Amino acid sequence: MQVQRIASAPGTVEAHPLGCEPLQIERVLRTSVAPIDALVGGFRSSQVALFEGDSGYPSNLVHLLCVKAVAELDEEVVWIDGGNSVDPYALSALCKRMRLDRRDVLSRVNISRAFTAYQLVTLIDERLEEEVGESSPAVVVVSSITDMFLDKDMRWMEAHQLLRRCAESVRRVTRDHETISLVTERTPGRVPHNERMASLLRSEADTVVDMRERRDGLLVRLPREGRSALFRPVPWNQTTLQEFRGDLHGEDCTHI
């Protein structure tokens, strides 16, 4: 067996069968949210993860993964924002809770915002690969990718073709540069769900994570695997008892 190092967990190794070309750097990024990590098993290099559903929690999760990528992998993040969903205050709050230097973390998160569908296509289809080549990020985030394409002034066929170009570009860059790529489908409450667009995105994703609000908590599903988990997230400004427990080295945990 051929062995490849896992960057996010020093000292651990993972085997790859002969005949499969190993990655140059294999990264695994986990959320620190126990039910999600147990269900998903972490987000990996050269794979696209798609978050969908009617919950706003994926946005919180992407902010957390963004901070953890900088802190744990010691690499940069490229974030293309299609729904004006990046919250610098949330990133700063996470840095404070995780006892990280806010200025250092934020300086390594490279954010580009799009205000029209055409700007989003330019950022993803024309500029993403160049930016990734220059900054060599561990993680690429594309948030609310369908928001702009669901504008009532856009023709359906044009919107669908442009979204396909974006989805294919994200997948190509992910493979070529071995990034962990996180894509959120839409901003719940702002634009309606469009099944044809969602289906297109699923076809280009390696992992699909569906999150839906329930009376008794948040239902997280992996529809392709037929597995799910139900738990109650806590607000950003609420501290859990688990955070005071600490690990073997006396460090605080971080949960959202």
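Criteria and cut-off values
- Residues numbered from 1 in each chain as written.
- Predicted model: local features only at pLDDT ≥ 70, side-chain atom pairs only at ≥ 80, totals over all residues.
- Heavy atoms only, no water.
- pLDDT = per-residue confidence, 0-100.
- Contact = heavy atoms within 4.5 Å.
- Helix = DSSP H or I, 4+ residues; strand = E, 2+ residues; numbered from the N terminus.
- Buried < 20%, exposed > 50% of the residue type's maximum accessible area, 1.4 Å probe, protein only.
- Pairing = 2+ DSSP bridges.
- Arc of directions from axis to C-beta.
- Polar contact = N/O pair within 3.5 Å; in protein donor to acceptor, adjacent residues only side chain to side chain.

### A look at the confidence of the model for the protein chain
Phase 1 of the analysis: Taken over all residues, the pLDDT of the protein chain has a mean of 87, while the share at 70 or more is 82%.
Phase 2 of the analysis: Residue range residues 1-19 is modelled with pLDDT below 50. Its contacts to residues more than four positions away, or to other chains, number 37 contacts.

### Some remarks on the environment of L182
Phase 1 of the analysis: In this structure, L182 sits in strand β9 (residues 180-184).
Phase 2 of the analysis: According to the relative accessible area criterion, L182 is buried, its value standing at 1%.
Phase 3 of the analysis: Considered as a pair, L182 and Q47 are 135 residues apart in the sequence and their alpha carbons are 8.7 Å apart.
Phase 4 of the analysis: In this structure, L182 is in contact with F43, A49, F51, L65, V139, V140, V141 and V142, ignoring residues within four places of it in sequence.

### Quick word on the pairing of strand β5 (residues 47-52)
Phase 1 of the analysis: Burial analysis of β5 places five of its six residues in the buried class, which makes it a mostly covered element.
Phase 2 of the analysis: The pairing of β5 with β9 spans five bridges and is parallel. Paired with A49 across the bridge in β9 is L182.
Phase 3 of the analysis: Note: β5 against strand β10 (residues 207-214), four bridges, orientation parallel. For L50, the partnering residue across the bridge sits in β10 and is V208.

### Regarding helix α7 (residues 195-203)
Phase 1 of the analysis: M197, A198, L200 and L201 are the residues of α7 that are buried. Down the axis of α7, the buried set is contained in an arc of 155°. They therefore lie on one face.
Phase 2 of the analysis: Among the residues of α7, the N-terminal cap falls to N194, whose side-chain oxygen and the backbone nitrogen of R196 are separated by 3.2 Å.

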